[in-house]
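# Geometric and topological summary
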Amino acid sequence: MERANRLMRGHALCIAAVTGLCATTLLAEDFPYHQPSKDVVDVLNAPPTPAVSVSPQHDAIILMQSVRYPSISEVAQPMLRLAGIRIDAITNGMHLAQNYRAFALKRLPDGADINVDLPKDGKPGAPVWSPDGKQFAFTNTASNGIELWIGSAMTGKTKRVEGVRINGVRVGGGGRGGGGGIQWLGDNRTLLISLVPANRGAAPKETIIPKGPDVQQSLGHAGPAPTYEDLLTSAHDEDLFDYYATAQLAYLDSATGKLTNLGKPAIYTGLRPSPDEKHVLVEWLHRPFSYQLPAGSFPQEIEVWDRAGKSEYKVASLPLEDHVPLGGVRTGPRSYEWLPEKPATLAWVEALDGGNPKEKALHRDKIVTISAPFTAPPTTAFETVERFRGLTPLSDGKALVSDFERVSRVIRTMEVDLDKPGSEGRVIATRNERDEYHNPGNPVEATTPDGHRHVVESNGSIFMIGTGASPTGDHPFLDKFDLSTGKSEHVFQTSEGFEDIVAMLDDTGTRLLTRHESPTEPPNYFLRVNGKSTPLTHFTNPTPQTAGIKKQLVTYKRADGVPLSFTLYLPADYKPGTRLPTLVWAYPYEYSDAETAGQVTGHEDRTFPELNYHQLAVLHGYALLDNAGMPVIGDPDHVNNTYVEQITMDAQAAIDKAVEMGVTDRDKVGVFGHSYGAFMTANLLAHTKLFHAGVAESGAYNRTLTPFGFQSERRSFWEAPDVYTKMSPFWFADQIKTPILLIHGEADDNTGTFPIQSERLYAAIRGNGGTVRLVMLPDEAHGYRAKETLEHVLYEELAWFDKFLK
């Protein structure tokens, strides 16, 4: 029906720039997918560097080769859009779930290759390793369902588990192991899986004749909510969601194939075995559902079961999450996890301020624990002054606990003794959430052969892996962090090119798996032992067309002194002193101070072959100012009061710098962006004359349609109507005289960026005599996926910029 409606109304395409006609509407049959130049197409479709999955015992890796872009025929497969989730009704899995076309297994440390047998013409998901690393499981999406396969890490042989049909609908993120409803237990034989219930019958059918109207009501209690997409809209939607999301939990004996059901069918959102594996934390949701909120906000039950599925302890019965204040959290238990060093001690967090960030409170959250046999009342182990941000358990009852202060945007990390309730936390790190220069990284974790996951500790220190942002770009690091002093010591940091740390392979940091690349060397994986580097892969450059492209990290300041940066790309045949037509790609971020706003991220030694699609303009003769700094600075409650003024200064500074460098022709500058970057683009064209053409992809342009906040805006429309109006380019459509190309996925799934946002802005600009073109992309979501779509988007954008900048 959606496709039929689209074909009936056609594609609104103002093609004045192409044919001299205005307000012409074309059907898809009359305007098929186009391609840009061959060199752009070849680079766009070049195979990506394989991703890597590391064995828990660090004695093997699996390289996973994905398909960069699926075909439009695959993207256009029917889907159900229910409760914020996109479901493939044929497979009972997620629509466009990630899959791979090849696995390559390598043993470590010698790098010996082992061929992996994959199902013919299948779509395998990512491998899920057994704790001892001797086996791996993976799903395979077949034409009529999702299969379960198990492979040997020693031989590469794989086999399908007969009689198993996985329910691949992911309603929540709870659980361990990942892999779409698969997790191994510590015996390295048993798996916990989610199945399509046996004998569930046919899917519900919609009655042709309505039984009555669909009704919603609110009885005076405030319930602000973002403008979510793909929500339930009818009783039939509710029935479909219930049907496809309901799963049967089961234990699978991987040696015999025997299945043992756990509990009854339900819409499970979390499943976590305790460290001693005698208990299971289970979360599921139930009716009444909501037509205003996605599945994660539906009523939930959280219980501890024994291994047979008998309830041992009720953690919480949570009602529909429809009265959460803006910027607040749900009341009652949240953020549950087992403490890994104890047999069966459960921890969770509860709000002490009613979940309302505007309420004054001495402490905003508390961490609660309870241990088997779950007969004593829960114990308050620690109270955070600000909003709880994270918990990382350590040894001896200790843990790293982070909280977040919303006004100053400060993240504070403390060492806390959960075994001593009421004890003070010792602050070991404090930084602004946007301050990447002082980001200490993330703790390194390891898994024992019997499945216990823990932070790697050594004589009072833990290991941390981070990006290493600095004024000269990113320099990834492995640090040893002393918990007693809060001081870090580098164990390894990139010195030449760009080398990312994929995994620490031992408990001392002397063996690392890294991924190295440079402007002349494509990404490859290396084994580092005591500083000596040995290549594990020898991938060649799949895009020779990019050879010689110039890349430079450029720093400068805007008019008020705020430091900014962009990465400059120049064509391979660029001659110094030549002024080129130039494109600016950017995305605004909010900051509380100028120091963090001016920080540099990225690295000029990142290799070229894997250019993002927007960077391919450099192959078409353009200079590109990539990720140009667009900070908006101020206190979080009022930062958007000067949004337009600040992005204008940001854009002016970037153009001035590029002109000063002699690479940019000021009269031939275009701007483009995606989502909030599209919003920025439309605002710059509405309020400045800095640019001569613009492209806006999948943006939101009328903020009155997102009245309960957007991005980091914390006020509602009724609290700050002038700000919402001033920031909405739709309200200034009569001022947009610079040519603008609007592109939008017809199946956009992002909060706030409904396709009507682009359709209405197109109508407003057209109605006021502006030059505008609207391209609606069939079956595409917020992020474009199909090969044909990406090729056509590049065709449209390059043709648009060529017309008005060249």
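Everything here concerns the structure above.
These remarks concern the structure in this document.

Cut-offs applied
- Within each chain, residue numbers correspond to sequence positions counted from 1 in written order.
- Only residues with pLDDT of 70 or above have their local features reported here, since the model is predicted, and side-chain atom pairs are shown and tallied only from 80 upward, although totals for entire chains, interfaces and linings are computed over all residues.
- Processing note: side-chain calculations cover all non-hydrogen atoms of the structure and skip hydrogens and water entirely.
- Lining residues are defined by having an atom within 4 Å of a point belonging to a cavity or pocket. Those points lie on a 1 Å grid over the protein atoms alone, cavities being sets where a 1.4 Å probe fits but cannot get out and pockets being open sets with protein on both sides within 12 Å along at least five of seven lines.
- Grid points are joined across faces, edges and corners, and a volume is the space filled by probe spheres set on the points.
- Each helix corresponds to a stretch of at least 4 residues labelled H or I by DSSP, and each strand to a stretch of at least 2 residues labelled E; elements are numbered beginning at the N terminus.
- In these notes, a set of buried Ala, Val, Leu, Ile, Met, Phe, Trp, Tyr and Cys residues joined through side-chain atoms within 4.5 Å is what counts as a nonpolar core.
- Only protein chains enter the accessibility calculation, which uses a 1.4 Å probe; a residue is then buried when its area is under 20% of its type maximum, exposed when over 50%, and partly exposed in between.
- Pairing of aromatic rings covers Phe, Tyr and Trp, the last through its six-membered ring, and needs centres within 6.5 Å; plane angles under 30 degrees mean stacked, over 60 mean edge-to-face, and all others mean tilted.
- Two conditions define a charge located above a ring, namely a distance within 6 Å from the ring centre to NZ of Lys or CZ of Arg, and an angle within 35 degrees of the ring normal.

### Structural notes on empty space enclosed by the protein
Per the stated rule, a full pass over the model turns up two cavities of 30 Å³ or more. Of the volumes computed, that of the largest cavity is approximately 60 Å³. Together, Leu339, Pro340, Glu341, Lys342, Pro393, Leu394, Gly397, Lys398 and Leu418 line the largest cavity. The calculated volume of the second largest cavity comes to roughly 50 Å³. Along its surface, the second largest cavity is lined by Leu583, Tyr613, His614, Ala617, Phe672, Leu794, Glu797, Leu798 and Phe801. At four residues, helix α11 (residues 787-805) tops the list of elements feeding residues into the lining of the second largest cavity.

### Focus: the nonpolar core
One finds Phe566, Tyr643, Phe691, Ile740 and Leu742 to be the most contacted residues of the largest nonpolar core, which totals 61 residues. Counting residues in hydrophobic clusters, the runner-up holds 31 residues, among them Leu583, Val775, Val793 and Phe801.

### Overview of the packing of aromatic side chains
According to the stated counting rule, one finds 30 aromatic pairs in the structure shown. For the pair Phe241 and Phe298, a centre-to-centre distance of 5.9 Å together with 90° between the ring planes defines the contact as edge-to-face. With a gap of 57 residues between them, Phe241 in helix α5 (residues 235-245) and Phe298 in the loop between β18 (279-285) and β19 (300-306) connect regions that are remote in the sequence. Across this residue pair, the class does not change: Phe241 and Phe298 are buried. One aromatic cluster in this structure is built from Tyr587, Tyr589, Tyr643, Tyr676, Phe679, Phe708, Phe710, Phe717, Trp718 and Tyr724. A cation sits over an aromatic face here: Arg434 above Tyr591, 5.5 Å from the ring centre. A cation over an aromatic ring shows up here: Lys806 above the ring of Tyr622, its NZ or CZ 4.5 Å from the ring centre.

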